[in-house]
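Residue-level listing of the chains:
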Amino acid sequence: MAALMPLVNDPDAEAIDEVIVHASLYTVLTGHGCVEYIRGPGTPVGALVLWIPYLVATALLTGDLSPADLTPDGMRDPRRWALAERVRVVHDPDVTRAS
């Protein structure tokens, strides 16, 4: 996440074509497991905390990630969902070995 922080609060977030997150196998699989529950602002919090695209998009747009971002008010921000669609989580075996 630290590598992403220079992009935080970028007023031109729409210009970001793609964000690639290298993650452990656990993170990738939990993300796949919760995807059927991801439905924008109506997403259950139990699924949202496992879905890396929303978490990364929120941190990039706000400069932080807090419990408030998982509330109905936080989840209503359409910019987060738009950017989350451009976040791709890929398995990185080195991250899995290190975790």
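For the structure, check the block above.
Residues numbered from 1 in each chain as written. Predicted model: local features only at pLDDT ≥ 70, side-chain atom pairs only at ≥ 80, totals over all residues. Heavy atoms only, no water.

Draft legend 1. Up close: the nonpolar core. Counting 21 residues, the largest nonpolar core has Val-19, Trp-51, Tyr-54 and Trp-81 as its most contacted members. At the level of elements, strand 1 (19-23), helix 2 (45-48), helix 3 (52-62) and helix 5 (78-84) are the ones that each hand at least two residues to this core. Here this core takes 6 residues from helix 3, the largest share from any one element. Discounting chain neighbours no more than four positions away, the residues touching Tyr-54 are Leu-48, Asp-69, Leu-70, Gly-74, Met-75, Arg-80, Trp-81 and Ala-84. (Core = buried A, V, L, I, M, F, W, Y, C linked by side-chain atoms within 4.5 Å. Buried < 20%, exposed > 50% of the residue type's maximum accessible area, 1.4 Å probe, protein only. Helix = DSSP H or I, 4+ residues; strand = E, 2+ residues; numbered from the N terminus. Contact = heavy atoms within 4.5 Å.)

Draft legend 2. Representation of the pattern of salt bridges within the structure. Applying the stated criterion across every chain, the model contains 6 salt bridges. Across the salt bridge formed by Asp-73 and Arg-76, the nearest N and O atoms sit 2.3 Å from each other. Considered together, Asp-73 and Arg-76 belong to a single accessibility category, that of exposed residues. Ionic pairing is found between Asp-94 and Arg-97, a salt bridge with its closest N-O pair at 2.8 Å. In this pair, Asp-94 and Arg-97 both sit in helix 6 (residues 93-98), 3 residues apart, roughly one turn of the helix. Since its relative accessible area comes to 52%, Asp-94 is described here as exposed. (Salt bridge = Lys/Arg side-chain N within 4 Å of Asp/Glu carboxyl O.)

Draft legend 3. Structural detail: the layout of surface pockets. By volume, the largest pocket is sized at about 170 Å³. Every residue along the wall of the largest pocket is listed here: Thr-27, Val-28, Gly-31, His-32, Val-35, Leu-50, Trp-51, Ile-52, Pro-53, Val-87, Arg-88 and Val-89. Elements that contribute at least two residues to the lining of the largest pocket include exactly helix 1 (25-34), helix 3 and strand 2 (87-91). Among the elements that take part in the lining of the largest pocket, helix 1 stands out by supplying 4 residues, more than any other. (1 Å grid on protein atoms, 1.4 Å probe; cavity = no way out; pocket = protein on both sides within 12 Å on 5 of 7 lines; lining within 4 Å. Points joined across faces, edges and corners; volume = space filled by probe spheres on them.)

Draft legend 4. Fine view of the side chain of Asp-92. The topology assignment puts Asp-92 in the loop between strand 2 and helix 6. Arg-97 is the oppositely charged side chain nearest to the buried, salt-bridge-free Asp-92, at an N-O distance of 6.2 Å. Look past the residues within four positions of Asp-92 in its chain and what remains in contact with it is His-22 and Ala-23. (Lys, Arg positive; Asp, Glu negative; His and termini not counted.)

Draft legend 5. Summary view of helix 1. Within the span of helix 1, buried status applies to Val-28, Thr-30, Gly-31 and Cys-34. Contacts from the buried residues of helix 1 go to strand 1, helix 2 and strand 2.

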